[in-house]
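If you want the building blocks of each chain, they are given just below.
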Amino acid sequence: VKETSRLPATSPTGDPWLLTPGPLTTSPAVKRAMLHDYGSRDPQFVDVNRRIRDRLTGIVRGQGTHVCVPLQGSGTFAVEAMLGTLVPVGGRVLILVNGAYGRRMALICRYAGRSFATLEWSEEAAIDPAAVEQALARDASITHVAAVHCETTSGVLNPLGALAEAVARRGRALLVDAMSSFGALPLDFRTMPIEAVAASANKCLEGVPGLAFCIVRQTALEAAAGNAHALSLDLNAQWAAMELDGQWRFTPPTHAILALERALEELEDEGGVAGRHVRYAENCRLLVQGMRNLGFETLLTEAVQAPIIVTFCMPAEPRFVFAAFYEGMRAKGFVIYPGKLTAVESFRIGCIGRIGPREMEQAVAAAAATLAEMGVRSGATESFSIEVGPVQQRVT
Ligand SMILES: *Cc1c(COP(=O)(O)O)cnc(C)c1O
C-alpha cells in the first residue's frame, strides 16, 4: 500500500499507461500532430505521404529494391492485402504457425481461396528454419512461405535471418508479418532476402491506429497485377494509383499519417531502430526481473523472448483472480492484457510504446501492491504449501 501512494497514477494526458501489444501509449507530440485537418488531395498532404513512405522503406534498407504501400485499417488488413496480392490463385503458401497470428494467416488464405499448408510448433517455441527447409524440399508446389517475426501471442522471437536464408536457398518467396517488431527489431532487406513485410503504425513505431503498410519488392508487386481477391486490399492497384499522382485511392487516415510522421521523427531522434531496441530491451529486463521477484514465472526462456511483450503464467494461489488483478493494475494507472495461449493459462504485459524504466518499475510496484490487496503472497505457478510450513518460517 505504501508503494501505491507513491505512484503517479497516469500518463501526462491522464490516461493509464498501456502495457499492451497495441494500440500503445503515444507521446504528447504525436497526439498534437493530429490537431490538423489535411485535405487528402492537397499537395501538403501528398508531400507528407511521400515522406513517410520513403522513411518506412529506409527503416528496412529497402531503397531501390522495395516500395512502401500504405493501407487504411489495422494490421490485419495489411497482412490480408499482402497474402491476397502476392500469392496468386495458382500459388501455394507454407504458413509457419507458433501462435494466433500464424493461425490468422491460415484463416486469411482460407477466406481468399489461396492454397496453403501449415507447419506448426508449440507456442513457447520459436520456429525452426531447418524444418522449414526440409518441408520446402518435400513439396515443390509451395511458392511462398509466410511467417510472423515476433509472435505476439506469447512474445516469442522467430529467427527471421536464418529463416530468410533457408527460404531463399529453396528459391521461394518469404512474406513476413512484422507487426509487433517493426521499428524495434532490426530488419535489413540488403542482407535478408524478404519479398514483403506487413506492419502497422500503432505498435513499435509509436503512432496511432488506422494505418497499416506493406513494404514489397517492386518486381514482385509489379508481377502481382490482377492477383488480389478484394478491391480495397489490392496492393498493386493501391501502389500504381499512388505512384501516378501521389494520392490514395480511397479516403486516407490523414490524422494517423500526420501522427506517424511525428512518430518517425521521434524514432530517428532516439537513434533509430537500434536506439529503440535498447529502450525496449531495458523495459523488458526490468519487467521480467521485477515480476520474478514477486514470484511470477515467464512462459518463455530468455533465449526466445522478444523485448516486446511478456507472457506470465497464471499464479497458482486461489486468491489470484485475473479480473481483480487487472482492475487493481488499472486503478494504479496500468492497462495490462489477457493471455491468448491455447495450452497454458496466462496473461501478458507489454513493454513497448512511449514508456521507459520509470513506468516499468512503477508497474511492478503496482503489481506488488495489487497482490497485497488480493491477499496473494506469491505470483508463482506451483503450489506453495512449503512456504507456510515450519521449514520456511525458520528460514525467514
Ligand atoms: C497486432 C498484430 C497483428 C495485427 O493486429 P490488428 O489487431 O489487426 O492490428 C498481426 N500480427 C501480429 C504479430 C500482431 O502483433
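In what follows, the accompanying structure is described. (Residues numbered from 1 in each chain as written. Predicted model: local features only at pLDDT ≥ 70, side-chain atom pairs only at ≥ 80, totals over all residues. Heavy atoms only, no water.)

### Some words on helix α9 (residues 235-245)
Put simply, the rule reads: Here's how the labels work: a residue is buried when its accessible area is under 20% of the maximum for its type, exposed when over 50%, partly exposed in between, all with a 1.4 Å probe on protein chains only. Put simply, DSSP marks the helices as runs of H or I at least four residues long and the strands as runs of E at least two long, and each gets a number from the N terminus on. Working definition: the arc comes from the directions between the helix axis and the C-beta atoms, pointing outward to the latter. Contacts are assigned to residue pairs that have any heavy atoms within 4.5 Å of one another. Throughout this description, a polar contact denotes any pair of N or O atoms lying within 3.5 Å of each other; where both atoms belong to protein, one of them has to be capable of donating a hydrogen while the other can accept it, and for residues adjacent in sequence the pair is counted only when both atoms sit in side chains.
Among all positions in α9, only L235, N236, Q238, W239 and M242 are buried. Seen along its axis, α9 keeps its buried residues to an arc of 165°; they face one direction. Structurally, α9 contributes buried residues whose contacts are with α3 (43-59), β2 (66-72), α4 (75-86), β10 (211-217) and α8 (218-223). The N-cap residue of α9 is D234: its side-chain oxygen and the backbone nitrogen of N236 are 3.0 Å apart.

### Things to note about the environment of I352
On the secondary structure map, I352 appears in the loop between β14 (346-350) and α13 (357-374). Distance from I352 to P23, taken between C-alpha atoms, is 10.0 Å for residues 329 residues apart in sequence. With sequence-adjacent residues up to four places away left out, I352 is seen in contact with L18, T20, L24, C204, Y280, P307 and I308.

### Regarding the site of the ligand
Which entries qualify depends on this criterion: Here a residue is considered near a molecule or strand provided that any single heavy atom belonging to it is located within 4 Å of it. Every accessible area reported is derived by Shrake-Rupley at a probe size of 1.4 Å, with residue values counting cover from the shown protein chains alone.
Looking at the ligand, the residues that line it are S74, G75, T76, Y101, R104, V148, C150, T152, D177, M179, S180 and K203. S74 places a polar side-chain atom, nitrogen or oxygen, 2.5 Å from an oxygen atom of the ligand. A distance of 2.6 Å separates a nitrogen atom of the ligand from a polar atom in the side chain of D177. In the complex, 85% of the free accessible area of the ligand, which totals 380 Å², lies under the protein chains. When contributions to the shell around the ligand are tallied by element, the ones reaching two or more residues are α4 and α5 (100-112).

### Details of α5
An α-helix turns once per 3.6 residues; consequently, residues spaced three or four apart project the same way. Operational definition: One fewer than the residue count of a helix, multiplied by 1.5 Å, yields its expected span.
The first and last C-alpha atoms of α5 sit 18 Å apart over 13 residues, in line with the 18 Å expected at 1.5 Å per residue. Where α5 is concerned, the buried positions are A100, Y101, G102, M105, A106, I108, C109 and A112. In the stretch just after α5, G113 is the one whose phi turns positive, near 70°.

### A look at the sheet that holds strand β8 (residues 173-177)
The pairing of strands in a sheet happens through backbone hydrogen bonds and is either parallel or antiparallel. In plain terms, the rule: Strands are labelled as partners when DSSP assigns at least two bridges between them. Axis definition: a line fitted to C-alpha atoms, over the contacting stretch in the case of helices. Angles run 0 to 180 degrees between N-to-C directions.
Within the open sheet, the seven strands sit side by side as β2-β10-β9-β8-β5-β3-β4. Their pairing is mixed. With partners counted over all chains shown, the strands left at the sheet margins are β2 and β4 (115-120), one partner each. The mean angle between the axes of side-by-side strands here comes to 20°, regardless of whether they run parallel or antiparallel. Along the sheet, α5 makes contact with β3 (92-97), β4, β5 (144-148) and β8, crossing β3 at roughly 155°. Docked against the sheet, helix α7 (residues 160-169) engages β3, β5 and β8, running at close to 155° with respect to β8.

### Quick word on the packing of aromatic side chains
Convention followed: Paired rings are identified among Phe, Tyr and Trp, the last through its six-membered ring, by centres lying within 6.5 Å, and are further divided according to the angle between planes into stacked (under 30 degrees), edge-to-face (over 60) and tilted (the rest).
On inspection of all chains with the given rule, the structure shows eleven aromatic pairs. A ring pair is formed by F296 and F320, whose centres lie 6.2 Å apart and whose planes are at 75°; its orientation type is edge-to-face. With F296 in the loop between α11 (272-293) and β11 (309-313) and F320 in the loop between β11 and α12 (322-331), this pair connects stretches of sequence that are 24 residues apart. We classify F296 as buried; its relative accessible area is 2%.

### Points about the sheet that holds β14
If you trace the three strands from one edge of the open sheet to the other, you get β11-β14-β13, paired in antiparallel fashion. Only two strands of the sheet have a single partner each, and these edge strands are β11 and β13 (337-338). Here β11 pairs with β14 via five bridges, running antiparallel. Residue pairing for β14: F312 is matched across the bridge by F347.

### Structural notes on the environment of V364
Topologically, V364 is positioned in helix α13. A C-alpha to C-alpha distance of 9.1 Å links V364 and V288, two positions 76 residues apart in sequence. When sequence neighbours within four positions are dropped, the list of residues in contact with V364 reads L286, L287, G290, M291 and L294.

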